[in-house]
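Breakdown of the fold
Spelled out, the chains give:
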Amino acid sequence: MQYFDRLRELLSLEYNCSPDDFLRRENVLTVSALHEGRRQYIPDRYFFSAVTLGGNTVVTANECLQDFLADYIKKVQGHWLFELPNLLPIEQELQKHGFTLTETHHMFLPSRQVEPNASYPVKWFYDEEIRQFYGDERFPNAICPQFLPERPDRIVVCAYDGDVIMGMAGCSEDAPHWQQIGIDVMPQYRSRGVGTYLVTLLKNRIAERGDIPFYGTAAANLHSQNIALNCGFKPAWVEIGAKPLQ
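1. Considering the packing of aromatic side chains
- Summed over the entire model, instances satisfying the criterion amount to 10 aromatic pairs.
- Relative to Y46, the ring of Y15 lies with its centre 6.0 Å away and its plane at 40°, an arrangement referred to as tilted. Of the two residues, Y15 sits in the loop between α1 (3-14) and β1 (28-31) while Y46 sits in the loop between β1 and β2 (48-52), which places them 31 residues apart along the sequence. Each member of the pair, Y15 together with Y46, is buried.
- With 5.1 Å between their ring centres and 85° between their planes, F125 and F133 make a pair best called edge-to-face. Neither F125 nor F133 differs from the other in exposure class; each is buried.
- Among the aromatic residues, those joined into a ring-pair cluster are F108, Y215 and F233.

Next comes the structure, spelled out in structure tokens:
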């Protein structure tokens, strides 16, 4: 499966552009729109969002930002738009309209097959079975806080020490056949390879079912990034968006 090609197809829906726009040398600007098959993290059109796959940057935005962005993104080459000094003028413009930048999202796709590096007793849970864990504060990353029909949790795998959950990896279907993995390991069981073990198991199970596993983390969360790398993921894209000022 060509994950990179599938990624460009997905992002073209979300950024209202062509998959080939991510292969250009110059930056690309579009007017934001809603297309079926996108990831649905917010119900409305993006007010501003930018993405890079490591080359150019594609930006989609509300009509009121078009003049500013059309001029600005010509001055900054490709992925350098994501450097803080280059984001500050965008932040200033967004605040004029009552918005502010979100954090950057560093996203990973599979690059190689990896077999589990440990052996812990595990249990698998699917779809409706996952609802028993909603509201449990131990799992803020592995599952959603509640059932979300626009990105439902699909699979959970837990490692056990007797009857005690050591850690949980889960995936939500953020777009059709795109399963985002999250991981939580209980503090007393960290540094034992539990996170890498569970993420590897889940990544392989998702791929076996014909879906696409992907993984996201923050720029400074090196521990989470190392889990991704150890499980056979590699950096694939970076995004930043906007949210209303509080």
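2. Digging into the layout of surface pockets
- Approximately 160 Å³ is the volume found for the second largest pocket.
- Of all the elements, strand β8 (residues 164-175) adds the most residues to the lining of the second largest pocket, at 3 residues.
- Split into classes, the residues belonging to the lining of the second largest pocket amount to 4 nonpolar, 3 polar and 6 charged.

3. Notes on empty space enclosed by the protein
- Counting across every chain of the model gives 1 cavity of 30 Å³ or more.
- Considering only enclosed or pocket space, the largest cavity measures out at about 80 Å³ in volume.
- In terms of lining, the largest cavity is formed by L13, E14, A33, L34, R38, R39, Q40, Y41, I42, D44 and Y46.
- Among the residues making up the lining of the largest cavity, the classes are represented as 6 nonpolar, 1 polar and 4 charged.

4. Section: the environment of E14
- As for its placement among the helices and strands, E14 is situated in helix α1.
- Residues E14 and Y3, spaced 11 residues apart in sequence, show a C-alpha to C-alpha distance of 17 Å.
- Not counting chain neighbours up to four residues away, the residues in contact with E14 comprise R38, R39, Y46, T60 and E239.
- Within the local environment of E14, its side chain forms a polar contact with the side chain of R39, the two groups lying 2.5 Å apart.

Parameters at a glance
Throughout this document, residue positions are counted from 1 along each chain, in the order its sequence is written. Since the coordinates come from a predicted model, pLDDT governs what is reported: local features require at least 70, and pairs of side-chain atoms require 80 or more to be given and counted, while whole-chain, interface and lining totals use all residues. As a convention, hydrogens and water are excluded, and side-chain values are obtained from all of the structure's heavy atoms. Only rings of Phe, Tyr and Trp enter the pairing, Trp through its six-membered ring, and a pair is recorded when the two centres are within 6.5 Å. The plane angle decides the type: under 30 degrees is stacked, over 60 is edge-to-face, the rest tilted. Counting from the N terminus, the helices are DSSP H or I runs at least four residues long and the strands are E runs at least two residues long. When accessible area is computed with a 1.4 Å probe and restricted to protein chains, residues below 20% of their type maximum are described as buried, those above 50% as exposed, and intermediate ones as partly exposed. Cavities and pockets were defined on a 1 Å grid built from protein atoms only: a cavity is a group of points that admits a 1.4 Å probe but offers it no way out, a pocket is an open group of points flanked by protein on both sides within 12 Å along at least five of seven lines, and a lining residue is one with an atom within 4 Å of any such point. Grid points are joined across faces, edges and corners, and a volume is the space filled by probe spheres set on the points. Polar here means any residue other than Ala, Val, Leu, Ile, Met, Phe, Trp, Tyr, Cys and Pro, which are nonpolar, and Asp, Glu, Lys and Arg, which are charged; Gly is therefore polar. The contact criterion used throughout is that any non-hydrogen atoms of two residues lie within 4.5 Å. In protein, a polar contact means a hydrogen-donor-capable atom and an acceptor-capable atom, both N or O and within 3.5 Å, with residues adjacent in sequence counting only if both atoms are side-chain atoms; elsewhere, any N or O pair within 3.5 Å suffices.

By themselves these figures say nothing about function.
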